[in-house]
2 protein chains.
Amino acid sequence: MLQTEETFMIQSEILCQSPIFRGISPDELLHLFGQIHYQVKTYQKNELITIGGEICDRLLIIQRGSVKAEMNDYSGKTIKIEDIEAPRPLATAFLFGKENRFPVTVSANTEVEIVSVPKPEFVKLLQLNSLILNNYLNTISSRAQFLSQKLKFLSFKTIRQKIAHYLLEMAGDRLHTVEIPQSQGQLAEMFGVTRPSLARALGEMSQEGLIETDRRYIKILDKNRMNQLLKS
Amino acid sequence: MLQTEETFMIQSEILCQSPIFRGISPDELLHLFGQIHYQVKTYQKNELITIGGEICDRLLIIQRGSVKAEMNDYSGKTIKIEDIEAPRPLATAFLFGKENRFPVTVSANTEVEIVSVPKPEFVKLLQLNSLILNNYLNTISSRAQFLSQKLKFLSFKTIRQKIAHYLLEMAGDRLHTVEIPQSQGQLAEMFGVTRPSLARALGEMSQEGLIETDRRYIKILDKNRMNQLLKS
DNA sequence: TTCGGTTTGTAACATTTGATACATTTACAA
DNA sequence: TTGTAAATGTATCAAATGTTACAAACCGAA
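Participant: I'd love a proper account of the packing of helix 3 (residues 119–128) of chain B against helix 4 (residues 130–154) of chain B, names of residues and values included.
Facilitator: Helix packing for two helices is described by the angle between their axes and how far apart those axes are. Residues and elements named next belong to chain B. At a minimum axis separation of 5 Å, helix 3 and helix 4 run at an interaxial angle of 115°. Overall, the two elements helix 3 and helix 4 adopt an arrangement that is roughly perpendicular. In this structure, helix 3 uses Phe-122, Leu-125, Leu-126 and Leu-128 to contact helix 4, whose residues at the interface are Ser-130, Ile-132, Leu-133 and Tyr-136. Its residues assigned to classes, the contact of helix 3 with helix 4 comprises 7 nonpolar, 1 polar and no charged.

See below:
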C-alpha cells in the first residue's frame, strides 16, 4: 500500500537547516507552520515526485532522503542535472514567474519525505518573516546562478574541455588526485556524452601525460596544459 | 568626452513599464525613488556595460536603448544569449545569492541610458512596496525559467533538431514563413555552431522537402516531420 | 548602372563523437 | 577461493560537425 498521500509531521529541527529557513529557531518555525496549511508526503525509492512540464504551484522541501533531478530532451533521453538532499528545497525558482512548470523530472534516490507548501501559503510565510524572504531571494538567485554555470559548462565543445573544466573545479587549488563521486558512466551522463567516448578521452589525455587515471581516481599531472585546453 | 559618469534624470513614465515596477504609477515611482540613492548613466554604442565575472552589487535598468548579453567561454568565443531593451532590468538574478558576479558580458547595441540602484537601496524599495517585491520575485523566477529553457535548447544534439525547435517556436501555430531576425551567421552563433554547418543543414532539410529557404525567409513545409525530428 | 563589401551557398577534407561490440578488471558474495 | 555481475578499457566503423576555401547572390553607395 502506497503511503504517498499520508500526512506526517514536519521536523522543524531539520527544516530550520534548510536554506530557506536558515536562522529561524525550530520553535519559531513550528509556530510559523502552525499559521499555514501544508502537507508532508513520502515517496518510495525511484518513485516520481515531479514530471517535467507539470504545474508548479507549491514549494517542495526535502525533509528526509535524496532525490535526482533530470532534464529530458525531446528524444526521450535524460541528462542528469543534480542530486538534491534533505533539507534542501525543490523548484524554488519556479513558484513565481510566467511559466510555472517544473523544468525537470524529479525522482526519489532513496525513500524520501517531502514537505509541500502551496504557493499562497508560502507567500504568507514571506510576509510573516523577513528573514525567510531574504533567504528565499538568496536561494532563488543562487538557483539562477547555478543554471548559468550549467549553461557555461555545456558551452564547452569537446569532451576534453569538459573533463579539464570538471577536474580543475574539483581539484581547486590542490594538484592532488580527484575522486569521481560516482561511476564513470554517471559522469558521462552528466557530461551528456557516451561512456566509451569519455573513457577514450580519458585514455588519450592519460597517454599525453596530462593526467593519470586509476579507475575512479584521476591525478592531474600538468595543470598548465589543462588550463590551456580550456582556452584553445 | 565620455558621458558615462554624468547623471541624468530617471523617466518614471518609462520605468513604471519595467517588469519590476509594473503597476506602480509614475508619480508613486518618483516618490519611491526620492527615498533612495541611485545613478543614471549613458553608454555609447558598443561600449561595455558589464563584464562577465564582475561584481554585481547594484540593479541595472535600461531606461533607453538596447543592449546585448553574451557569455564567453574559455576559448574567447562568445555565445550570444539575448538582446535586452528598455525598460527591462539587467542581472536581476545576480543581486542576491552566493556568487554575486555578472555571468554575462553586456554591451550597448545602441546608445543606452541605464538606471543603477545599489543593492541596499533596492532592498529598501522591496520593503517599501510589496508590489515591487512581488514583481521582483516574478522577474527573478522568469529569469531562472529562461535559463532553464536555454539549457533545454542546448540539449538538442543535432543542428537539425535545433533548427526544427527554433522554427516551430518562431512559427507558433501558423504554417507560414519564418523570417530570421538577423543574419544566418548570427543564428549559427546563437546555436553554437559554425555558419557553413548551419547552411548545410538548412540545405539538406530543404532538399528533403522539410522546408523551403529563400535567404532569410524559411517556409515550413512539413510540420509533422519537423516535430518527429525532435522526438527521434 | 557599377563597384565593393557583406551575406549566402557549396564543396572537400579533417576531427570529434556516437554506436556497438567485446575483452578485461574489479567488487562482492556464496 | 570462486563465481557472477558490474564497471572499465579498447577497438572499429559510421555519422555529424568543424575547418577552410571559394563562388555566387545580394545590398547599398558612388
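Participant: How would you summarise the protein's contact with DNA strand D if you had to cite specific residues and measurements?
Facilitator: Taken together, 19 residues are adjacent to DNA strand D, and Gln184(A), Thr158(B), Ile159(B), Ser197(B) and Arg200(B) come closest. The contact atoms of DNA strand D, taken as those within 4 Å of the protein, divide so that sugar and phosphate hold 54%. Within the side chain of Arg200(B), one N or O atom sits 3.0 Å away from a base nitrogen of DNA strand D. Of all the elements in the fold, those that place two or more residues in the surface near DNA strand D are helix 6 (184–191) and helix 7 (195–207) of chain A together with helix 7 (195–207) of chain B. With 4 residues, helix 7 of chain A is the largest single contributor of residues to the surface near DNA strand D. Its residues assigned to classes, the surface near DNA strand D comprises 5 nonpolar, 7 polar and 7 charged.

Participant: Could you give me a rundown of the sheet that holds strand 11 (residues 217–220) of chain A, with the residues and numbers involved?
Facilitator: Residue and element names in this part refer to chain A. Read across the open sheet, the 3 strands follow the order 9-11-10; overall the sheet is antiparallel. In this open sheet, the two edge strands, each paired with only one partner strand, are strand 9 (177–179) and strand 10 (211–214). Taken pair by pair, the neighbouring strands of this sheet meet at an average axis angle of 20°, ignoring direction. Pairing of strand 9 with strand 11, which is carried by 3 bridges, proceeds in the antiparallel orientation. Along strand 11, the bridge assignment pairs Val-178 with Ile-218. Here helix 7 sits on the sheet in contact with strand 10 and strand 11, set at roughly 125° to strand 10.

Participant: So, helix 7 of chain B: which residues are in play, and what are the values?
Facilitator: Residues and elements named next belong to chain B. Here helix 7 contains 13 residues, and its C-alpha end-to-end distance of 18 Å stays within 8% of the 18 Å for a straight helix at 1.5 Å per residue. Looking only at helix 7, the buried set comprises Ser-197, Leu-198, Ala-201, Leu-202 and Met-205. Along the axis of helix 7, the buried positions cluster into a sector of 135°, meaning they face one direction only. Residues of helix 7 that are exposed and point over 90 degrees away from its buried face: Arg-200 and Gln-207. The positive-phi residue at the C-terminal boundary of helix 7 is Gly-209, with phi of around 80°.

Participant: Kindly report on the layout of surface pockets, identifying the contributing residues and their values.
Facilitator: Rolling a probe over the atoms, with the probe sized like a water molecule, indicates the empty space that remains. Taken as a whole, the second largest pocket holds about 1,200 Å³ of empty space. Taken together, 41 residues make up the lining of the second largest pocket; nearest its centre are Glu82(A), Arg88(A), Arg143(A), Phe146(A) and Lys98(B). Counting residues per element, the ones that place at least two in the lining of the second largest pocket are strand 5 (78–85), strand 6 (89–90), helix 4 (130–154), helix 5 (159–171) and helix 6 of chain A. Tallied by class, the residues present in the lining of the second largest pocket amount to 20 nonpolar, 12 polar and 9 charged.

Participant: Hey, could you go over unusual backbone geometry for me, with residue numbers and the actual values?
Facilitator: Residue and element names in this part refer to chain A. A cis amide bond links Ala-86 with the next residue in sequence, Pro-87, at an omega value of 0°. By the element assignment, Pro-87 lies in the loop between strand 5 and strand 6. Backbone geometry places Asn-46, a non-glycine residue, at a positive phi of 75°. Structurally, the position occupied by Asn-46 is in the loop between strand 1 (39–43) and strand 2 (48–50). Phi is positive for Arg-215, which is not a glycine, with a value near 55°. As for its placement among the helices and strands, Arg-215 is situated in the loop between strand 10 and strand 11.

Participant: Lay out the sheet that holds strand 1 (residues 39–43) of chain B in plain terms, naming residues and giving numbers.
Facilitator: Pairing between the strands of a sheet is mediated by backbone hydrogen bonds and can be parallel or antiparallel. All names here are of chain B. Strands sit in the order 1-8-3-6 across an open sheet of 4 strands; the sheet is antiparallel. The two strands at the open ends of the sheet, each matched to only one other strand, are strand 1 and strand 6 (89–90). Pairing between strand 3 (residues 58–64) and strand 6: 2 bridges, direction antiparallel. What sits directly across from Ile-61, in strand 6, is Pro-89.

Participant: Report on the relation of the copies chain B and chain A, specifying residues and quantitative values.
Facilitator: The operation relating chain B to chain A is a screw motion whose rotation component is 179°, with 0.0 Å of axial translation and a residual RMSD of 0.3 Å. The relationship between the two copies is best expressed as a two-fold rotation axis. For chain B, the smallest separation between a C-alpha atom and the rotation axis is recorded for Ala144(B), amounting to 2.4 Å. The overlap is high: 100% of the interface residues of chain B also sit at the interface in chain A, so the same surface is used on both sides.

Participant: Quick rundown of the protein's contact with DNA strand C? Include the residues and the values.
Facilitator: The full set close to DNA strand C counts 20 residues, and Thr158(A), Ile159(A), Ser197(A), Gln184(B) and Arg195(B) are the nearest of them. Looking at DNA strand C alone, sugar and phosphate atoms form 60% of those within 4 Å of the protein. Within the backbone of Ile159(A), one N or O atom sits 2.5 Å away from a phosphate oxygen of DNA strand C. In this structure, Gln184(B) approaches DNA strand C through a side-chain N or O atom, which is 2.7 Å from a phosphate oxygen. Of all elements in the fold, only helix 7 of chain A together with helix 6 (184–191) and helix 7 of chain B reach the threshold of two or more residues within the surface near DNA strand C. Broken down by element, the surface near DNA strand C gets its largest block of residues, 4 residues, from helix 7 of chain B.

Conventions used here
- Residues numbered from 1 in each chain as written.
- Chains lettered and ligands numbered in written order.
- Predicted model: local features only at pLDDT ≥ 70, side-chain atom pairs only at ≥ 80, totals over all residues.
- Heavy atoms only, no water.
- Axes fitted to C-alpha atoms, helices over the stretch in contact; angles between N-to-C directions.
- Helix = DSSP H or I, 4+ residues; strand = E, 2+ residues; numbered from the N terminus.
- Parallel < 35°, antiparallel > 145°, perpendicular 65-115°, else oblique.
- Contact = heavy atoms within 4.5 Å.
- Nonpolar A, V, L, I, M, F, W, Y, C, P; charged D, E, K, R; others polar.
- Near = heavy atom within 4 Å.
- Polar contact = N/O pair within 3.5 Å; in protein donor to acceptor, adjacent residues only side chain to side chain.
- Pairing = 2+ DSSP bridges.
- Expected span 1.5 Å × (residues − 1).
- Buried < 20%, exposed > 50% of the residue type's maximum accessible area, 1.4 Å probe, protein only.
- Arc of directions from axis to C-beta.
- 1 Å grid on protein atoms, 1.4 Å probe; cavity = no way out; pocket = protein on both sides within 12 Å on 5 of 7 lines; lining within 4 Å.
- Points joined across faces, edges and corners; volume = space filled by probe spheres on them.
- Least-squares fit on C-alpha atoms with pLDDT ≥ 70 in both.

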